[in-house]
Amino acid sequence: QLVESGGGFVQAGGSLRLSCEASGRTVSDYSMAWFRQPQGKEREFVAVIIRDDGGTDYADSVAGRFTISRDTAKNTVYLQMNSLKPEDTAIYSCAAAFYPGSHRQTYVYDYWGHGTQVTVSS
């Protein structure tokens, strides 16, 4: 089970930190990703931290502003979001893939959380 928290309402330029707590599995055994879905649009890749070696990848739209990390002791993955923009408004969901493959694609992920709403006002 994946449970997200940390969403909310923030003004443009502000910051939020999202958390994704995993139960029943170890986050370092999976590639853990964040996706987002703006209202009326398709779900899109945001960031991933790769299983084992901990390498990361980011969507161009968030690179340099967002940072994904994991705490294996807490079995939690984080998404630190800085310099937020109104276009970052979306439901953010975390996902876990045992065999990541094309890690920017939703179909490789085996488990999903329910999501947390992030709203950025202008």
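In this report, the structure presented in the accompanying data block is examined.

About the cut-offs
- Residue positions are given per chain, counting from 1 as you read along its sequence in written order.
- Given that this is a predicted model, residues contribute local features only at a pLDDT of at least 70 and side-chain atom pairs are listed and counted only at 80 or more, while totals for whole chains, interfaces and linings are drawn from all residues.
- Computation of side-chain values: all heavy atoms of the structure, hydrogens and water removed.
- Note on aromatic contacts: the rings of Phe and Tyr and the six-membered ring of Trp form a pair at centre separations within 6.5 Å, being stacked when their planes are under 30 degrees apart, edge-to-face when over 60 apart, and tilted otherwise.
- A run of DSSP states H or I qualifies as a helix once it reaches four residues; a run of E qualifies as a strand once it reaches two. Both are numbered from the N-terminal end.
- The cut-offs for exposure are 20% and 50% of the maximum accessible area for each residue type, with area from a 1.4 Å probe on protein chains only; residues under the lower value are buried, those over the upper are exposed, and the others partly exposed.
- Here, a charge over a ring is recorded when the distance from Lys NZ or Arg CZ to the ring centre is within 6 Å and its angle to the ring normal is within 35 degrees.

Description of the packing of aromatic side chains
And step 1. Inspection of the entire model under this criterion finds seven aromatic pairs.
And step 2. Here the aromatic rings of Phe35 and Phe45 are separated by 5.8 Å at their centres, their planes lie at 75 degrees, and the arrangement is edge-to-face. With Phe35 in strand 4 (residues 31-37) and Phe45 in strand 5 (residues 44-49), this residue pair connects regions lying ten residues apart in the sequence.
And step 3. With relative accessibility at 9%, the residue Phe45 sits in the buried group.
And step 4. Measuring from centroid to centroid gives 5.1 Å for Phe35 and Trp112, while their planes differ by 55 degrees, and the two rings are tilted. Taken as a pair, Phe35 in strand 4 and Trp112 in strand 10 (residues 111-112) lie far apart in primary sequence, 77 residues in all.
And step 5. Given the relative accessible area of 1%, Phe35 is considered buried.
And step 6. Residue class for Trp112 comes out partly exposed when judged on its relative accessible area of 27%.
And step 7. The positively charged end of Arg43 is found above the aromatic ring belonging to Trp112, 4.2 Å away from the centroid.

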